[in-house]
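Structural overview
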Amino acid sequence: MSRDSLLSQVMTLFFAIGMAGSAISAYSAYRSMTLAAVALVLLPTTLWLFTEPGTEQRLLAVTTLAFSIFVMRATRELSDALGSLLRLRRELEIQHRIASNAARTDELTGLNNLRAFKEQADAMFSYTRRHGLPLCALMLDIDHFKQINDTHGHATGDRVLHAVAKRLKATLREADLCGRLGGEEFAVLLAGTEWHEALAIAEKLRLAVQAIVLPINDSRLNVTISIGVAEAGAACSDATTLVSQADAAMYHAKSNGRNQVHGGLA
Ligand SMILES: Nc1nc2c(ncn2[C@@H]2O[C@H](COP(=O)(O)OP(=O)(O)OP(=O)(O)O)[C@@H](O)[C@H]2O)c(=O)[nH]1
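Residues numbered from 1 in each chain as written. Predicted model: local features only at pLDDT ≥ 70, side-chain atom pairs only at ≥ 80, totals over all residues. Heavy atoms only, no water.

For the chain, the name recorded in an unreviewed UniProt entry is diguanylate cyclase, with Pseudomonas fluvialis as its organism. The Catalytic activity (unreviewed entry) comment attached to the chain in UniProt states, word for word, "2 GTP = 3',3'-c-di-GMP + 2 diphosphate". (UniProt positions renumbered as here; feature names shortened; annotations may be inferred.)

A few points about the site of the ligand
In the region of the ligand, 16 residues are neighbours, and His144, Phe145, Asp158, Arg180 and Lys254 sit closest. Asp141 is positioned with one of its side-chain polar atoms (N or O) 3.1 Å from an oxygen atom of the ligand. Within the backbone of Phe145, one N or O atom sits 2.6 Å away from an oxygen atom of the ligand. Elements represented by at least two residues in the shell around the ligand include exactly β1 (135-142), α5 (145-152) and α6 (154-171). (Near = heavy atom within 4 Å. Polar contact = N/O pair within 3.5 Å; in protein donor to acceptor, adjacent residues only side chain to side chain. Helix = DSSP H or I, 4+ residues; strand = E, 2+ residues; numbered from the N terminus.)

Regarding the pairing of strand β4 (residues 213-216)
Here β4 shows a clear split, with Leu214 and Ile216 buried on one side and none of Val213 and Pro215 buried on the other. The pairing of β4 with strand β5 (residues 219-222) spans 4 bridges and is classified as antiparallel. Bridging across to β5, Pro215 finds its partner in Arg220. (Buried < 20%, exposed > 50% of the residue type's maximum accessible area, 1.4 Å probe, protein only. Pairing = 2+ DSSP bridges.)

Examining the environment of Arg87
Considering the arrangement of structural elements, one finds Arg87 in helix α3 (residues 55-102). Given the relative accessible area of 46%, Arg87 is considered partly exposed. In this structure the C-alpha to C-alpha distance between Arg87 and Asp247, which are 160 residues apart in sequence, comes to 48 Å.

So, in structure tokens, the structure goes:
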């Protein structure tokens, strides 16, 4: 073989190896891409070089073989590292979702906590205003809850809160917004609902809670709630104002004897 022809072969081989090397480094985290580059370019080149006579060809064959082994090992390490990194990122995303859910959920009842309720109530208020839809608020407060705690203990009080929340959730529609604002106080926002419909829903909730029978030792505990209802009128400027109007109505329900719905009009 002439010197020029050998030189041109060497140059061609280096070009092929350089191309394969670049492709491998670009895709080196993806094992399948590296295996394809090695199988389609490097191995045939190596085999061909081994079949060629001459020391230079053998030397090149050994070099390409060593290079193939090196890139396959490097790729395995890199793709393992990338796999762990992706797993870690997925776990972090899940943890983040759990943490942000926990920050918005009342642990005892599973309902929206005050913060989450306020955020969604503001959004609901803006939406209904923009679309000219009615919006009503209900404030619900368990009657004589202190007495339940004092007579049966705090754990029973917690069971009552949990049972009431469960009953509220089961009675309301998916689109209704419900939250525990603190203590034994719950609030509900009903978008697209007129005042008289809200009164009917409040009465339905009152009856649903009244039907709760909680077995405690040898006795059974009944729970009642007082509910105040308010509709967002033209003068109502935000969800907080609407909820405080429902709260005022709820205090009327309390002072009128509890276990009842008050519509908020005087
Ligand atoms: N078990 C339990 N009790 C709570 C929790 N948060 C607040 N409370 C109690 O709820 C009670 C609320 O009592 P009050 O505000 O006097 O109301 P009430 O006894 O229901 O009286 P009325 O509302 O007038 O019928 C207090 O004793 C609080 O300690 C809670 O998460 N778990």
